[in-house]
Amino acid sequence: AATSVRHLVENGADVNRPVNLSSRPGQLSHRTSYPLLIAAARPSLAVLEYLLTVPRLDWSVKDVFGNTALHHAAASMTPQAVAILLSRPLPGLDM
């Protein structure tokens, strides 16, 4: 999966574009998410690690409920995803 994501990004895919996971195209809803949030929630550790290296990635994206990638990683109960996110210096986050 990480190889496919890398290929898409290298060919111009917008890593900050919302992805509609519902059957209603064009409509933002609780089924709309962002690649970073999806990678943290699934979790797809290789995709998550790759996305965090993309310079234009917006770390501050939130779902419609205000949850961040860290929230999604914690909810997935995958300590590795949480550790990956916490190991990176996040712009604008003082820890």
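Let me begin by describing the structure that accompanies this report. Since the model is a prediction, treat every value here as computed from it, not as a measurement.

This next bit is on the overall build of the protein chain. Looking only at helices and strands, the protein chain has five helices and two strands in total. The 95 residues of the protein chain split such that 28% are buried. Within the protein chain, contacts between residues at least 6 apart in sequence are counted, and of these 54% link residues at least 24 apart. Surface exposure of the protein chain reaches about 6,100 Å², of which carbon and sulfur atoms provide 56%.

So, about the side chain of Asp-63. Among the secondary structure elements, Asp-63 is positioned in the loop between α3 (45-51) and α4 (69-75). Buried charge Asp-63 goes without a salt bridge, the closest partner of opposite sign being Lys-62 at 8.9 Å. Within the local environment of Asp-63, its side chain forms a polar contact with the backbone nitrogen of Phe-65, the two atoms lying 2.8 Å apart. There is a polar contact of 2.9 Å between the side chain of Asp-63 and the side chain of His-72.

What follows concerns the environment of Thr-78. Structurally, Thr-78 can be placed in the loop between α4 and α5 (79-87). Once the C-alpha coordinates of Thr-78 and Arg-42 are considered, the two residues, 36 residues apart in sequence, prove to be 9.1 Å apart. Setting aside anything within four residues of it in sequence, one finds Thr-78 in contact with Pro-43, Leu-45 and Ala-73.

Another aspect to go through is the environment of His-71. Structurally, His-71 is set in helix α4. Judged by its relative accessible area of 43%, His-71 is partly exposed. Between the alpha carbons of His-71 and Leu-37 there is a distance of 8.8 Å; along the sequence they are 34 residues apart. Engagement of the side chain of His-71 in a polar contact is seen with the backbone nitrogen of Thr-68, the distance being 2.8 Å.

For Ser-33, the location among the structural elements is in strand β2 (residues 32-33). With relative accessibility at 8%, the residue Ser-33 sits in the buried group. Contacts of Ser-33, omitting those with residues within four sequence positions, involve Arg-17, Pro-18, Val-19, Leu-21 and Ile-38.

Basis of the calculations
- Residues numbered from 1 in each chain as written.
- Predicted model: local features only at pLDDT ≥ 70, side-chain atom pairs only at ≥ 80, totals over all residues.
- Heavy atoms only, no water.
- Helix = DSSP H or I, 4+ residues; strand = E, 2+ residues; numbered from the N terminus.
- Buried < 20%, exposed > 50% of the residue type's maximum accessible area, 1.4 Å probe, protein only.
- Contact = heavy atoms within 4.5 Å.
- Areas by Shrake-Rupley, 256 points an atom, 1.4 Å probe, with all protein chains shown as cover.
- Lys, Arg positive; Asp, Glu negative; His and termini not counted.
- Salt bridge = Lys/Arg side-chain N within 4 Å of Asp/Glu carboxyl O.
- Polar contact = N/O pair within 3.5 Å; in protein donor to acceptor, adjacent residues only side chain to side chain.

Keep in mind these values describe shape, not function.
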